Number of protein chains: 2
Amino acid sequence: MAIIKQTLPLYQQVYQDILSRIQSAEWKSGDKLPSVRTLARERGIHRLTVLKAYQLLMNDDWVYVKDKSGYYVGSQRQYHFTDHSNPIVHSLVQKNHLSEIHQADVTFQFSKALIDPALLPNQFFSNYVKDIFDKYPKVLSTYAPLEGDFELCTYLAQFFHEKHTLPVNPEQILITSGAQQAIHLIAEAFISSKDVILMERPCYGAAMGAFRQQGASIIPVDIFQSGYDLSQIESYMKEYKPKLFYCNPTFHNPAGYTIPDEQRKQLVDLAKDYQCFIVEDDAFYDMYFDEEPPHPIYKYDTDGYVIYIRGFSKYIAPGLRIAAITCHPNIKKDLLSIRSLIDNGSPLLTQKIFLHYFQSERMRQHIEKLRIALQIRKETMEFELRKTSWKWVSPSGGFNLWVECPSSISIEKLLKECLDASISFVPGSVCDPKNEMNHYLRLSYSYNNEGQIHEGMKRLISIAEGMS
Amino acid sequence: MAIIKQTLPLYQQVYQDILSRIQSAEWKSGDKLPSVRTLARERGIHRLTVLKAYQLLMNDDWVYVKDKSGYYVGSQRQYHFTDHSNPIVHSLVQKNHLSEIHQADVTFQFSKALIDPALLPNQFFSNYVKDIFDKYPKVLSTYAPLEGDFELCTYLAQFFHEKHTLPVNPEQILITSGAQQAIHLIAEAFISSKDVILMERPCYGAAMGAFRQQGASIIPVDIFQSGYDLSQIESYMKEYKPKLFYCNPTFHNPAGYTIPDEQRKQLVDLAKDYQCFIVEDDAFYDMYFDEEPPHPIYKYDTDGYVIYIRGFSKYIAPGLRIAAITCHPNIKKDLLSIRSLIDNGSPLLTQKIFLHYFQSERMRQHIEKLRIALQIRKETMEFELRKTSWKWVSPSGGFNLWVECPSSISIEKLLKECLDASISFVPGSVCDPKNEMNHYLRLSYSYNNEGQIHEGMKRLISIAEGMS
C-alpha cells in the first residue's frame, strides 16, 4: 500500500485508507465513521484534508451524511460507474465492470479465459459418467470428507510425486471447488485488515478482489519476461513484512510470462528468511505449447512456506470446478477449520468424475489435442494483431495475450464500443493493483474458434483504429 | 453479547472480548495484543483484571508472551481440549470436538443429521443421470451463471409461488452449494466485527461458527415449544440494534419446535420496525410427519427484511449440495459480488441433476416414503428413550430429538464413553451460544435403521445409567 501511497496526494491516501476499510468490510453499510476532527487528530493532518477525502467518498457514494450526526458508510448497492478520476474507485468500477463484461453475451468472447466447450470431450463424458454411478452407487447420497475424497487426494499426491518429484502425501492435499475458492479460503484463513501482501503487477483481478475483501493492503511486485526483480521483492519483504506473496509464476495471467527455475528456488529462500508465505497459483501448468514449464515453486519448499494451488478443471471440465491446495499439514488444518464454516466441502460426484477421467488415457490424448488447438488459436489472434503497431510478448502457454495499445486509444472507450459490437476483452487496469496500465488489454484466445478469432479481431482492431 | 456478559465476571468479559476478536480473525496468529496498561486504561478497569484475562488466554494457548516484548496471538493450531472451566474456550473446544465427532467412524451414528443413504433413490439416480448428459451434452464444459442455473432458478421461483404463494421471481433466487455456504455468504456480506446478531438458544452450531468467524457478537433468543417470546426479541432489537436474527423456525435444529404462523407475521413487523434482517434457515420444511408446517416467515416479507435459505439436498441427495437463497434483488446483488470472490458459483452438473429430479414424480414418491421411514425411526428412538427418566418434546418433523438428561450425568463424559463404544451424538453445549445446556444432547434418528437405533440407544442409555 505504501508503494501506492507514494503516488497519491495526502487526501487521496486518507480516501484510500477509509475506502479499503469499507471494501474489506471492516466498516460496513450503515456504520458511523470517525469525525473529521478525530481523524485529523489521529493522523496529525489538517482537517481540510480529511474533509476533502470525505467529500470525495461522498461524491462516489461510499459515504453519506446523516442530518447533523456525522458521516456513515453508504450501501454497497450505491456503487456507480461514472467517476473515473479517482484510481481507487476506478479499480472498483472496473471490478464490477468485469463481472458485467463476463456476463455480457457476446459473439466474440475474448474476455473469459475459458476453454471452448467444443474442445472438450463432452460425448465421452456422457457415456462415461454412468460408469461412475455403477462404481459408486451412493455417490449422490454421500458427503465427501471436508478435505476432499480420499481416493482423489491419494491419486493427486502420487501424481505430484511422479510428475514433479514433490514429496507430497495425501494429508497435505485439500480439494476445493475451483481455484477461486482456494484463493478465498486462504485469504479468509490468513488475512486480517491490518495485513500487507505482495501481488504481481499485472495480476489476476479476482485474486486481488478476494484478498482486498479480507482487508489486505497490496504492494505490487513487477513481473517481467525474465522473471521478478528479486531485490525488489526482498526490499518489500524486509520493509513491509507482508503476510504472503500471491503469485502466478507459470504462464502468468495476464502477462503470460514464466518465472525461470533458478528464481523459484531463490524465492523460497526469501520467503523463509522473511517468514512470508508464498501462495502459488498454478492454473495453466499443462497448457504449454512447446516444452514443459519448470517445476512449481512448491517443489523447493522445505519448511511449509509455499501454499500451492493447482487448478485442473479449467481445461479438463470447467463444469466440475476442481482444484487442489497442497500445503503443510498445519496450514491445511487451519484451512479446514475455516472450510467447515464455508461450505462443508466439495460435492463427491464431481470429485469422482474428475478422478477417473484424470486417470484415464483418454485424458492424456485430450490434453495433447488441446495444446495444439490452443496454439493454433493463439497464432490466429497474433496473425491479426501483427497488422497493428500494438505490442505483446508471445506466450509459450496459457490462454491469454497481454497487449499494449498506443496511448492514443482509450481502452475504456474501446471496451464500450466493442461490447456494442458483441466483442469482449479485459481492460488492463483491472489487472493492476495500482489501477493504471490503462493502455493494456487482455485477449483470451481459448474460447472462440479460428474463424471467430479472425473475424472478431478484425472488428476489434478496426474499432480501435477508428478511435486513434 | 451483553446478555452473556451479565453472567460473567469482569476478567472473563475481557477474556471473551479478546477471544472473540481472535475467533473473528480481527486479531490473527502472530499479531501483537494491546499491553495490560493500555487495555486497563481503555476500559477503566484494574490492571490485575486484564492480567488475569491474559493469563487465562495463555493457559488456553490463545496467547503467548514473546520474551519481554508483550502478548501475541498464538497459532490456532494450538487449541487444546483440556480446559473446560472457561465457557468461551469450552464452546470452541466443543466446536472442534464436533467436527471430530462427525469424523469419527462409528456404528451408531446419532450425531449427524443426515439421511441414511439406503433411504435415497441411488439406483434411480444412476440410471437417470445419463439422461442429463443427453439433455445437456456440454454440462461438464460449462460454468453455471454466478447466481445459479437460470432454468433451476425459474423452476424454484414457480415452486415457491405454487407451494407457498410467495411472489418470487427468478431474479430473487441465488443457488448455493448447500445451506452452510448460504449462511457463510450472508455472514461475509453483512457482518463485521462490531455487529451484534440474534440467534436462537439452542441453535445450529455451524451457523454460530460462521457468524462468529466474521466477528459477530451473539445475543441468544429463547425458543420454546410455543414459539418465541416476542417481547424479549423486541427488547433486544430495541436495545442492541442487532444486524440480523438468524433463525430456524420450522422443525428447529436442535429443539424440533415450529414457530406458529401468527408469530411469523409479527416477527417480520418487528424486523421492519427495528431494521433487523431475518435470516430464515429452512432445511427441514418437507420433512413433516403429520401435517405440513406453516408457510415460511419469508411469505410475510414485503420490504426485503427476510433472507430465506431453503435447503433441499439434505433429504433428496446430500451429495448434490444444493440450497437456494431467496431475497430482495438488492440483497442478492450484494451477495453476488461476494460470491464472485468466493467460488464463482456452483457446478452446473449438480444443479441440472437436482432440477430434473426435483421436478419428477419419482421425487414426490420418494419424499412420501422418506417421511414415513423417518417417523418410524423417530418412534424407535423414542421407544428406547421412554425407558429412562429423560425429557424431550416429540417433534412433528425434522431429523433430531433434543433430550434433557438428569444433571447427575456428565454429557462430556458420556460422549467420551459413547465414542469408545462406537456411538456418537451432539452434546447440547455445542448448540448453546452461552455454552451452557450441559445436560442436553441432540440425537439424530435419520442415519441408522431401526435395528441399529434400538441397539445403539440401548447401549447409550446403559452407559449413561452406569454413570449416574
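Residues numbered from 1 in each chain as written. Chains lettered and ligands numbered in written order. Predicted model: local features only at pLDDT ≥ 70, side-chain atom pairs only at ≥ 80, totals over all residues. Heavy atoms only, no water.

Caption draft 1: Region of interest: the sheet that holds strand E15 (residues 440-444) of chain B. Residues and elements named next belong to chain B. With respect to topology, three strands assemble into an open sheet ordered E12-E15-E14, the strand pairing being antiparallel. Two strands lie at the open edges of the sheet, namely strand E12 (400-404) and strand E14 (426-427), each paired on one side alone. Where E12 meets E15, five bridges bridge the pair, whose relative direction is antiparallel. Of the residues in E15, the one forming a bridge with Trp402 is Arg442. Lying over the sheet, helix H15 (residues 361-385) contacts E12 and E15, oriented at roughly 15° with respect to E12. (Pairing = 2+ DSSP bridges. Helix = DSSP H or I, 4+ residues; strand = E, 2+ residues; numbered from the N terminus. Contact = heavy atoms within 4.5 Å. Axes fitted to C-alpha atoms, helices over the stretch in contact; angles between N-to-C directions.)

Caption draft 2: Inspection of the interface of chain A and chain B at higher detail. Contact with chain A, which involves 64 residues of that partner, is made by 63 residues of chain B. Here chain A and chain B share 14 residue pairs in polar contact (both at pLDDT 80 or more) between them. Counting residues per element, the ones that place at least two in the side of chain A that touches chain B are helix H6 (122-135), helix H8 (179-190), helix H9 (205-213), helix H13 (329-342) and helix H14 (348-358) of chain A. The element contributing the most residues to the side of chain A that touches chain B is H13(A), with eight residues. Considered class by class, the residues forming the side of chain A that touches chain B number 29 nonpolar, 22 polar and 13 charged. (Polar contact = N/O pair within 3.5 Å; in protein donor to acceptor, adjacent residues only side chain to side chain. Nonpolar A, V, L, I, M, F, W, Y, C, P; charged D, E, K, R; others polar.)

Caption draft 3: Spatial organisation of the domain arrangement of chain A. By the assigned domains, chain A splits into domain 1 (10-73), domain 2 (87-119 + 363-465) and domain 3 (142-360). One C-alpha centre belongs to domain 1 of chain A, the other to domain 2 of chain A; they are set 37 Å apart. (Domains from an automatic or database assignment.)

Caption draft 4: Representation of the packing of helix H16 (residues 411-420) of chain B against helix H17 (residues 450-467) of chain B. All names here are of chain B. Axis separation between H16 and H17 bottoms out at 10 Å; the angle between their running directions is 135°. On the basis of their axis angle, the class for H16 and H17 is oblique. Crossing of H16 over H17 shows right-handed handedness. Contacts between H16 and H17 involve Lys413, Leu414, Glu417 and Cys418 on the former and, on the latter, Leu460, Ile463, Ala464 and Met467. Split into classes, the residues belonging to the contact of H16 with H17 amount to six nonpolar, no polar and two charged. (Parallel < 35°, antiparallel > 145°, perpendicular 65-115°, else oblique. Left-handed = near helix turned anticlockwise from the far one by under 90°.)

Caption draft 5: Expanded view of the packing of aromatic side chains. Residues and elements named next belong to chain A. Using the criterion set out here, one finds 37 aromatic pairs over all chains in the structure. Centroid distance Tyr298 to Tyr308: 5.9 Å. Interplanar angle 25°. Geometry classified as stacked. Taken as a pair, Tyr298 in the loop between strand E9 (277-282) and strand E10 (306-311) and Tyr308 in strand E10 lie far apart in primary sequence, ten residues in all. Tyr298 sits in the buried class, given a relative accessible area of 6%. Members of the aromatic cluster, joined through ring pairs, are Tyr155, Phe159, Phe160, Tyr298, Tyr308, Phe312, Phe354 and Phe358. The side chain of Arg371 reaches across the aromatic face of Tyr288, ending 4.0 Å from its centre. (Phe/Tyr/Trp six-rings, centres within 6.5 Å; stacked < 30°, edge-to-face > 60°. Buried < 20%, exposed > 50% of the residue type's maximum accessible area, 1.4 Å probe, protein only. Lys NZ or Arg CZ within 6 Å of the ring centre and 35° of its normal.)

Caption draft 6: Structural detail: the sheet that holds strand E15 (residues 440-444) of chain A. Residues and elements named next belong to chain A. Overall, antiparallel pairing links the three strands, which are arranged E12-E15-E14 in an open sheet. Edge positions in the sheet fall to strand E12 (400-404) and strand E14 (426-427), since each of these pairs with one other strand and no more. Set on the sheet, helix H15 (residues 361-385) makes contact with E12 and E15; between it and E12 the angle comes to about 15°.

Caption draft 7: Representation of helix H17 (residues 450-467) of chain A within the structure. Residues and elements named next belong to chain A. An ideal rise of 1.5 Å per residue puts 26 Å on 18 residues; H17 measures up with 26 Å between its terminal C-alpha atoms. Among all positions in H17, only Ile453, Gly456, Met457, Leu460, Ile461, Ile463, Ala464 and Met467 are buried. Along H17, the residues classed as buried sweep out an arc of 160° about the axis, all on the same side. Residues of H17 that are buried in the fold lie against strand E3 (108-109), H15, helix H16 (411-420), strand E13 (423-424) and E15. (Expected span 1.5 Å × (residues − 1). Arc of directions from axis to C-beta.)

Caption draft 8: Representation of the relation of the copies chain A and chain B. Mapping chain A onto chain B calls for a screw motion: a turn of 179° about the axis and a shift of 0.0 Å along it, with 0.1 Å RMSD after fitting. Seen this way, the second copy is the image of the first under a two-fold rotation axis. The rotation axis passes nearest to the C-alpha of A:Lys130 in chain A, at a distance of 3.0 Å. Comparing contact sets, 98% of the residues at the interface of chain A also lie at the interface in chain B, consistent with an isologous, same-surface contact. (Least-squares fit on C-alpha atoms with pLDDT ≥ 70 in both.)

Caption draft 9: Broad picture of the environment of B:Met199. Residue and element names in this part refer to chain B. Relative to the assigned elements, Met199 resides in strand E5 (residues 196-201). With a relative accessible area of 0%, Met199 lands in the buried category. Note: C-alpha distance between Met199 and Val279 (80 residues apart in sequence) is 9.8 Å. Met199 has contacts with Tyr204, Ala207, Met208, Phe211, Ile218, Ile219, Pro220, Val221, Phe245 and Tyr246, leaving out every residue within four places of it along the chain.

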